[in-house]
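Each chain is listed here by its residues.
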Amino acid sequence: MRRFLRYAALSVSILLVFATSVFGSDENGKIREIGDSVYSFTMGLGNHSMFVIGQDGVAVFDTFDSQHSKSMLAAIGSVTDKPIRYAFQSHNHWDHASGGQVFKDAGAQVVMHVLAAEWLAANPGRDTVPPDTVWSGDRKNISLGNLTVELRYLGMNHGRGMTVFTIPERGAAFIADLVNPNRVMFSVVPDFNIGEWERTLTDILDLEFDVAVCAHNELPIDEALNGCTRLHAEEERQFIRDLRDAILAEFQNGTGFLDVPKVVRLPQYAHWVGYDDWLEMNTLRLMTDLWMGPFPWYPDEK
Ligand SMILES: [Zn+2]
């Protein structure tokens, strides 16, 4: 009987070792350490999160949805026993701010800017939870002991309460939706004030960081796991400028309004994801903005 129990215990421990090694595999998500105790995480479905492990515990950046969060929780457990202290949500949109309950259940506080919290209170999603902590103004620091999470609200750009995060001790950042490597703008460019987005990209380039996790990164997955850099923020800003210049040139040429999206081409971006399907939508959206004036627009609520 004792020998059986020993065998059973051994089997359970082999199973546990096996289960741990499976976490981080293709079906359960992939992690990569991109700086000391700074990790990127993705399930390969187009969403990238970051987590950092400080002396006092772990902080995660963008929970996306419950499935993504469960997989990330398992991945975090494969590299540390430290408690998860914070689940930071970058902005109000359901496709980023869902799944927070998974981290609440694991003992974390869900944190977001007050402008995001107000929007979510009025427009709750199926998988969103009210935050435990809201912050306001344009700056807040949260300590993890040896590491600082710097939260910045850079004004209107995309969605409500958009927060850019930096970890100065590691030269790392987390940027959602504002920098999207290797991709044109998303479809009809929903809920972006494009002029303020361009201005924000200059503000982002004034921040000190060497590596970031960009929440949507269309580089090949093995490259995307390494995160994004300042170069990608510069490329995003240049794309906005090039598209605007091309539209204004067609206005200048007297091209018919509805013909403009059919003739604007930016071959230098032809290798970017979405070029064939979305460039016309991007053009129609930006030219509407240039014709009517910028939208959406909110009074300064810093
Ligand atoms: Zn968004």
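Residues numbered from 1 in each chain as written. Predicted model: local features only at pLDDT ≥ 70, side-chain atom pairs only at ≥ 80, totals over all residues.

Draft legend 1. The packing of helix H8 (residues 230-253) against helix H10 (residues 275-292), seen in detail. In the contact formed by H8 and H10, the axes pass within 10 Å of each other and the chain directions differ by 70°. When the axes of H8 and H10 are compared, the pair comes out roughly perpendicular. Judged by the twist between their axes, the crossing of H8 over H10 is right-handed. For the pair formed by H8 and H10, the contact residues are Leu243, Arg244 and Ile247 on the first element and Asn282, Thr283, Leu286, Met287 and Leu290 on the second. Partitioning the contact of H8 with H10 into residue classes produces 5 nonpolar, 2 polar and 1 charged. (Axes fitted to C-alpha atoms, helices over the stretch in contact; angles between N-to-C directions. Helix = DSSP H or I, 4+ residues; strand = E, 2+ residues; numbered from the N terminus. Parallel < 35°, antiparallel > 145°, perpendicular 65-115°, else oblique. Left-handed = near helix turned anticlockwise from the far one by under 90°. Contact = placed C-beta atoms within 7 Å. Nonpolar A, V, L, I, M, F, W, Y, C, P; charged D, E, K, R; others polar.)

Draft legend 2. Just the sheet that holds strand E5 (residues 84-88), in detail. Here we have 7 strands laid out as an open sheet, ordered E1-E2-E3-E4-E5-E6-E7, and mixed in their pairing. Only two strands of the sheet have a single partner each, and these edge strands are strand E1 (30-35) and strand E7 (133-135). Averaged over all neighbouring strand pairs, the angle between strand axes comes to 25°, with direction disregarded. Both strand E3 (residues 48-54) and strand E4 (residues 57-61) contribute to a ladder of 5 bridges, which runs antiparallel. Within E4, the residue paired with methionine 50 across the bridge is phenylalanine 61. (Pairing = 2+ DSSP bridges.)

Draft legend 3. How the structure looks around helix H5 (residues 114-122). Among the residues of H5, those classed as buried are Leu115, Ala116, Ala117 and Leu120. Here the buried face of H5 lies against helix H3 (94-97), strand E6 (109-113) and E7. (Buried ≥ 20, exposed ≤ 12 C-beta atoms within 10 Å, placed from the backbone.)

Draft legend 4. Structural view of the pairing of E6. For E6, the tally of buried residues reaches 4 of 5 residues, placing the bulk of the element in the interior. Direction of pairing for E5 relative to E6: parallel, over a ladder of 3 bridges. What sits directly across from alanine 87, in E6, is valine 110. Of the pairings in the sheet, the one linking E6 to E7 comprises 3 bridges and is parallel in character. Across the sheet, histidine 113 pairs through a bridge with tryptophan 135, a residue of E7. Each parallel crossover has a hand, and for E6 linked through H5 to E7 it is right-handed. (Right-handed = clockwise from strand over helix to strand, strands pointing away.)

Draft legend 5. Structural context of the nonpolar core. Among the nonpolar cores identified, the biggest contains 73 residues, and Phe51, Val52, Ala59, Val60, Phe61, Ile175 and Ala212 are the most heavily contacted of them. Look past the residues within four positions of phenylalanine 61 in its chain and what remains in contact with it is Ser49, Met50, Phe51, Phe88, Phe165, Phe174 and Val213. (Core = buried A, V, L, I, M, F, W, Y, C linked by C-beta atoms within 7 Å.)

Draft legend 6. A look at the packing of helix H6 (residues 194-206) against H8. It is the contact of H6 with H8, at a shortest axis distance of 10 Å, that shows an interaxial angle of 155°. Relative to H8, the element H6 lies roughly antiparallel. Helix-helix and strand crossings are classified by hand; for H6 and H8 the assignment is left-handed. Of H8, the residues touching H6 (which contributes Ile194, Trp197, Glu198, Leu201, Thr202, Ile204 and Leu205) are Arg230, Ala233, Glu234, Glu236, Arg237 and Ile240. Grouping the amino acids of the contact of H6 with H8 by side-chain chemistry returns 7 nonpolar, 1 polar and 5 charged.

Draft legend 7. Representation of H8 in the model. With 24 residues, H8 extends 35 Å between its outermost C-alpha atoms, agreeing within 8% with the 34 Å of an ideal straight helix rising 1.5 Å per residue. Listed in full, the buried residues belonging to H8 are His232, Ala233, Glu236, Arg237, Phe239, Leu243 and Ile247. Against H6, strand E12 (211-214), helix H9 (260-263) and H10 lie the buried residues of H8. Taken from the residues just after H8, glycine 254 is the one with a positive phi, measuring 80°. (Expected span 1.5 Å × (residues − 1).)

Draft legend 8. Spotlight on the pairing of strand E2 (residues 38-42). Taken across its 5 residues, E2 has 5 buried, putting it largely inside the fold. Of the two faces of E2, the one carrying Val38, Ser40 and Thr42 and the one carrying Tyr39 and Phe41 are both buried. Judged from the 5 bridges that link them, E1 and E2 form a sheet pairing that is antiparallel. The residue of E2 that forms the bridge with isoleucine 31 is phenylalanine 41. In textbook terms, the turn of a hairpin is the stretch between consecutive antiparallel strands, and for E1 and E2 this stretch comprises 2 residues, one of which, serine 37, has a positive phi near 65°.

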